[in-house]
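# A closer look at the structure
Each chain is listed here by its residues.
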Amino acid sequence: MPELPEVETVRAGLERHVAGRVITSAEVLHPRAIRRHVPGAEDFTGRLGGLKIDAARRRGKYLWLDLADGEAMLAHLGMSGQLLVQPKGTPDEKHLRARFRFADEGPELRFVDQRTFGGLSLAELVEVDGTPVPNTIAHIARDPMDPLFDAALAVRLLRAKRTEVKRALLDQTLVSGVGNIYADEALWRSRLHWARPTDRLTGKQAEAVLGTAAEVMAEALVAGGTSFDTLYVNVNGQSGYFDRSLDAYGRAGEPCRRCGTWIIREAFMNRSSFSCPRCQPKPRRKAA
C-alpha cells in the first residue's frame, strides 16, 4: 500500500493541477469507489457540483481536497488506487471508478482503482490540535514530516506501549504515514529488530527509529516514492523509483549494504519483515 512519500507525491500533484478549480460534475462509475460515503453515489455527486477545490492536504496516508463549502473530499488509495489528471478526451482507463470535470474545461481528475480497496467520501472538517482534518480521520496522529509533529511526545508514547517496535510504528494513532516498507527501512538504519519490545527501548533508540523513519521517507519523497509495479503512480501516471535505494525491504537473500550478511525475510502480521540478522539481532527473551 502507498505510504507517506507516495501519498505526498500525489497530494503535491493535486495541489498543482486541481487546486483553485471549480467542479462542474462528478461521475461515479463503480459503487465500491464511494462505499465509505454512506449516503450513496447520488448524494456524493450532487453535493460536488459547483464547488471550488481550495487545496490538497494530507495526514499520514490519507489525503483530501478542501472544498469551498467547508467540507472535504477524502481519498484513500488502498492497494491500487490512482488519482490521475488526464486531458479531456483521453480514453477511459480500464479500471476507471470516478471522474471529475471542471468549469475551465481543462484536464479531468480521475480515480482509477484496479482492486477497489481504495475509496472516496465527503467528510466534515473538524479541528484537531489546531488543524482542520476530516472528522473520519480525526484519530490519525501527525506524521514525522508534519511541521507540528511533536517528536518528544511520540518518543514517550512509543516507549509507553507494550508491543513490538514495528507494530508500534505501524500504529497510525501513534505516528502516521509509516507502513511496512519504511518501517523496515527505519529499523535497518536504527539497527533494531522488528520484534524489540517498545518498553525496552532506550530514549535514544526510540528517538533514533522515529528520526530514521522521517529521514528515509524524506529521501523517498525526493525520488517520487517507491513503486514495485504499475499500480502506484503520481497524477501524471509516472512511477517512483526509491525501490532502487531500499536497504532492507524486499532484499531477502541479498547482502546487507552495511555488513554483507544476507538479508532475511520473516513472517509478520500476514505480511513480511526484512532485516539483517547481524546488524539487527533478535531481542533476547526476558528472564522469568
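Look up a bit, the structure's there.
Below you will find a few notes about this structure. In this text, all values refer to a predicted model and were calculated from it rather than measured experimentally.

A few words now on the pairing of strand S9 (residues 131–134). The sheet contact formed by strand S8 (residues 119–128) and S9 spans four bridges and is antiparallel. The partner of Val128 across the bridge, within S9, is Thr131. Between S8 and S9, which pair antiparallel one after the other, the connecting turn spans two residues, and Asp129 there sits at a positive phi close to 55 degrees.

This part is about the sheet that holds strand S6 (residues 96–102). Pairing is antiparallel across the open sheet formed by four strands, whose spatial order is S1-S6-S7-S5. Two strands bound the open sheet, and with one partner strand each, they are strand S1 (23–28) and strand S5 (81–86). Strand-to-strand twist in this sheet, taken as the mean axis angle between neighbours without regard to direction, amounts to 15 degrees. Examined bridge by bridge, S1 and S6 share five bridges and lie antiparallel to one another. Across the sheet, Ile23 pairs through a bridge with Phe102, a residue of S6. Its contacts with the sheet put helix H2 (residues 41–48) on S1 and S6, and the angle it makes with S1 is roughly 165 degrees.

Before going further, it helps to examine the packing of helix H3 (residues 151–160) against helix H6 (residues 203–222). H6 packs onto H3 with a crossing angle of 115 degrees between their chain directions and a minimal axis gap of 9 Å. As H3 packs across H6, the resulting crossing turns out to be right-handed. Contacts from Ala151, Ala154, Val155, Leu158 and Arg159 in H3 reach Gly203, Ala206, Glu207, Val209 and Leu210 in H6. Residue composition of the contact of H3 with H6, grouped by class: seven nonpolar, one polar and two charged.

Moving on: the pairing of S8. Here six bridges tie strand S4 (residues 71–76) to S8, and the two strands are oriented antiparallel to one another. Paired with His76 across the strands is Gly119, a residue of S8.

With 30 residues, the main nonpolar core has Leu158, Leu169, Val178, Tyr182, Leu187, Val209 and Leu210 as its most contacted residues. Within the residue set of this core, elements represented by two or more residues are H3, helix H4 (165–169), helix H5 (180–190) and H6. With seven residues, the single largest contributor to this core is H6. Residues in contact with Val209, not counting those within four places in the same chain, are Leu158, Leu169, Ala186, Leu187, Ser190 and Leu192. Within the second largest apolar cluster, 28 residues are counted, among which are Leu14, Ala26, Ala75 and Phe100.

About the cut-offs
- Position numbers for residues start from 1 in each chain and track the written sequence from start to end.
- In keeping with the predicted nature of the model, local features appear solely for residues at pLDDT of at least 70, side-chain atom pairs appear and are counted solely at 80 or more, and the whole-chain, interface and lining totals rest on all residues.
- Calculation of side-chain values draws on the structure's entire complement of heavy atoms; hydrogens and water are dropped beforehand.
- Pairing between two strands is assigned when DSSP locates at least 2 bridges connecting them.
- Counting from the N terminus, the helices are the DSSP runs of H or I reaching at least four residues and the strands are the DSSP runs of E reaching at least two.
- Each axis is a line fitted through C-alpha atoms, taken for helices only over the stretch in contact, and angles between the N-to-C directions span 0 to 180 degrees.
- In what follows, a contact means two residues having at least one pair of non-hydrogen atoms within 4.5 Å.
- In this scheme, a crossing is called left-handed if the near helix is turned counterclockwise away from the far one by less than a right angle; it is called right-handed if the turn is clockwise.
- Side-chain classes follow a simple rule in which Ala, Val, Leu, Ile, Met, Phe, Trp, Tyr, Cys and Pro form the nonpolar group, Asp, Glu, Lys and Arg form the charged group, and the remainder, Gly included, forms the polar group.
- Note on terminology: a nonpolar core comprises buried Ala, Val, Leu, Ile, Met, Phe, Trp, Tyr and Cys residues joined through side-chain atoms within 4.5 Å.
- For every residue, the accessible area obtained with a 1.4 Å probe (protein chains only) is divided by the maximum for its type, and the residue is called buried under 20%, exposed over 50%, and partly exposed between those limits.

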